[in-house]
Amino acid sequence: MHTADLIDLVTDAGGFATRRQLRRAGADDRDLTRAVRSGDLHRPRLGWYSNLPLDDDRVTAVRVGGRLTGSSALFHLGGWMWARPRTVCVSVPPHAARLRQCRRARVVWDPVAVRERGGVAVVSVVDALVRAVLDEDFEIAVALCDWALHQGRISADEFAGVVARLPADARGVADWVDADSESILESVVRTRLRRAGFHVTSQVPVGFGRHTDLVVNGVLGVETDGRKWHADRFDADVSKDMETFIRRRIPVHLSYELITEHWDTVSAAIEAAVLMHRDGTAAGPVQPARIRERDGGSAGGARSRTRAPAGSAERRSAYGRSRPGRRWRLPMRRPDEVGHSWPHQHVLAATPRPPSRSRRRTASGHTGHDHRTVAKGSR
């Protein structure tokens, strides 16, 4: 078989093909050896052939012995993130063996059902989103959910399944998600302003089929595209600002640099503008939502949230199955403004709040705390 035909077969298979697949297609060992020696194909793992670049995260995952998951998978699929994750998150089944070590990789042991979904080198969006929401900072976790819903990567029912698989005290993230967001800038700005106590509405019509990205407390019209993307639309943007003024709102334009490098100034300016507006909320923002986030870089060296198979202590130490814990904690109360463009009633119904710590009356009439019994080793 000609090398060009081999490359076509590997490309059609998603960038990876096994020796068995290629031999069934008519290739022999000499054809495969010739393609590897010429550099047209390479072997990331014994019995696997690929034509993807060596620094592709999917190649790293297959070399280790699994598939991309978490934020690594979502970044590959185009998820809204600031940068490529420094650590490659690799999903392997419970009883995976002969895994290779890789400094850039973090192995997580997923249930067998995860293996049955997704592609040859990447898990399904649903499975990747469950892990990414718990691995990433809160605003990026919300942005990834926004992206998945806005881009149609998952349905409302599938998102309900994602939320149901999260720990009970993390399911409130559904209250912060909005499928109307059209970019990571818009999603992050909305989340930051809502955390600061502002009332924020996404994609508000301003006439002639156009929309304002975000309306803050009903008086500010925030555009998050910035000058970089609108250099050739000056007249259209000015016209949009005029429509914003007609609706008695102050237009505000935020660039990537302002949002990422000068957020303290942006936040102070937005609060001052709201307070100055004669129709604005006199008290400005309400009490901020105290979402606790831990400092730190990437999730490199983070532990899997799935139990390892029995007898795998040496693998746990060899493949970095250690975790610092979730990077954010939600407050008990919901945000003051909750609005979604997708059917979310059944999502919220599937997201019970953590049990209250208050004292409750028992069947015998005595009061006492609600104690839970956790079996040893069930964590």
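Higher on the page you've got the structure.
These lines cover the structure that appears in this document, whether it is placed above or below. In this text, all values refer to a predicted model and were calculated from it rather than measured experimentally.

Observations regarding helix α4 (residues 57–64)
With 7 of 8 residues buried, α4 lies mostly within the body of the structure. Buried within α4 we find Asp57, Arg58, Val59, Thr60, Ala61, Val62 and Val64. Phi turns positive, to about 125 degrees, at Gly65, one or two residues after α4.

Looking at the packing of aromatic side chains
In this structure the tally under the stated criterion is 3 aromatic pairs. One aromatic cluster is present, built from ring pairs that chain together Phe138, Trp176 and Trp328. The ring of Trp263 carries the charged tip of Arg192 above its face, separated from the ring centre by 5.1 Å.

Remarks on the pairing of strand β6 (residues 105–109)
Of all the 5 residues making up β6, 5 are buried; the element is thus mostly covered by neighbouring parts of the structure. Side chains of β6 alternate between two faces, with Ala105, Val107 and Trp109 and Arg106 and Val108 buried alike. Bridge count for strand β5 (residues 88–92) against β6 is 5 bridges, and the pairing is parallel. The residue of β6 that forms the bridge with Val88 is Ala105.

Brief notes about the nonpolar core
If you look at the biggest cluster of nonpolar residues, it comprises 58 residues, and the most contacted ones within it are Leu74, Leu129, Phe138, Ile154, Phe159 and Trp328. The set of elements that each furnish at least two residues to this core consists of α4, α5 (70–76), β5, β6, α7 (125–135), α8 (138–150), α9 (156–164) and α10 (184–195). Per element, the largest residue contribution to this core is 10 residues, and it comes from α8. Among residues more than four places away in sequence, those in contact with Trp328 are Val133, Glu136, Asp137, Phe138, Ala141, Ala170, Val173, Ile291, Arg292 and Glu293. Counting residues in hydrophobic clusters, the runner-up holds 18 residues, among them Phe198, Val219, Leu254 and Ile259.

Definitions and limits used
Residues numbered from 1 in each chain as written. Predicted model: local features only at pLDDT ≥ 70, side-chain atom pairs only at ≥ 80, totals over all residues. Heavy atoms only, no water. Buried < 20%, exposed > 50% of the residue type's maximum accessible area, 1.4 Å probe, protein only. Helix = DSSP H or I, 4+ residues; strand = E, 2+ residues; numbered from the N terminus. Phe/Tyr/Trp six-rings, centres within 6.5 Å; stacked < 30°, edge-to-face > 60°. Lys NZ or Arg CZ within 6 Å of the ring centre and 35° of its normal. Pairing = 2+ DSSP bridges. Core = buried A, V, L, I, M, F, W, Y, C linked by side-chain atoms within 4.5 Å. Contact = heavy atoms within 4.5 Å.

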